[in-house]
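This is what each chain is made of:
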Amino acid sequence: QDYDTTIVEGHRDATAQNKAFAEGKSKLKYPYSKHNKQPAEAVDAAPYIGGRINWKRDNLLLFAGYVLGTADHLYRIGVMSHRIRLGADWDKDKDVTDETFRDEPHFEIIPNEND
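Conventions adopted
Residues numbered from 1 in each chain as written. Predicted model: local features only at pLDDT ≥ 70, side-chain atom pairs only at ≥ 80, totals over all residues. Heavy atoms only, no water. Core = buried A, V, L, I, M, F, W, Y, C linked by side-chain atoms within 4.5 Å. Buried < 20%, exposed > 50% of the residue type's maximum accessible area, 1.4 Å probe, protein only. Helix = DSSP H or I, 4+ residues; strand = E, 2+ residues; numbered from the N terminus. Contact = heavy atoms within 4.5 Å. Polar contact = N/O pair within 3.5 Å; in protein donor to acceptor, adjacent residues only side chain to side chain. Expected span 1.5 Å × (residues − 1). Arc of directions from axis to C-beta.

Q: Help me understand the nonpolar core in this model?
A: A general feature of soluble globular proteins is that nonpolar side chains tend to end up buried together. Within the largest apolar cluster, eight residues are counted, these being A45, F63, A64, A71, I84, L86, A88 and F107. Every element with two or more residues in this core is listed here: α2 (57-76) and β4 (83-87). At three residues, the largest contribution of residues to this core is made by α2. In contact with F63, not counting residues within four places along its chain, are Y3, T5, A45, A46, P47 and F107.

Structure (structure tokens):
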């Protein structure tokens, strides 16, 4: 509604996951990524700016902040049943400079503590 957005990738089969691993785009081989579950528990999403995907880190982080804020609001009012994590902030400390592996377009479901 507020962003022109695309889902770049959702589910990955074994070939796609192992290719992402070999290219350094994932730290996990198949079947250990949340992209490998069916349905996928992770997506890579990016904003369109100027009619194309904009891969600049600043734009991805601005978009991610919007997505995380919206998801948190929906979780708090009971519309979403899970929280989400950003691939640029694996430890969820809101510091995107301290990660050894940054995956700005990656969003994944965090299991509920009660699950």
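Q: Help me understand helix α1 (residues 14-22) in this model?
A: For an α-helix the count is 3.6 residues per turn, leaving residues at separations of three or four pointing the same way. The N-cap of α1, judged by a side-chain oxygen 3.2 Å from the amide nitrogen of T15 a few residues on, is D13. One or two residues past the end of α1 sits G24, with phi positive at roughly 80°.

Q: Whenever I open this one, unusual backbone geometry confuses me. Can you help?
A: The general pattern is negative phi for most residues beyond glycine and trans for most peptide bonds. Here the residue pair Y30 and P31 is connected by a cis peptide bond, since its omega of 10° sits within 30 degrees of zero. By the element assignment, P31 lies in the loop between α1 and β2 (42-49). In this structure, the amide linkage connecting Q38 to the following residue, P39, adopts the cis form with an omega of 0°. Of note in the backbone geometry, K92 takes a positive phi value of approximately 55° without being a glycine.

Q: Hey, could you run me through α2 in this one?
A: With 20 residues, α2 should cover 28 Å at 1.5 Å per step; its first-to-last C-alpha distance of 28 Å lies within 8% of that length. Taken as a whole, α2 has its buried residues at L60, F63, A64 and A71. Buried residues of α2, seen end-on, are gathered within an arc of 105° and therefore sit on one face of the element. Away from its buried face by more than 90 degrees, α2 exposes D58, L62 and R76. Residues of α2 that are buried make contact with β1 (5-9), β2, β4 and β5 (103-110). One or two steps after α2, the chain reaches G78, where phi turns positive at roughly 85°.

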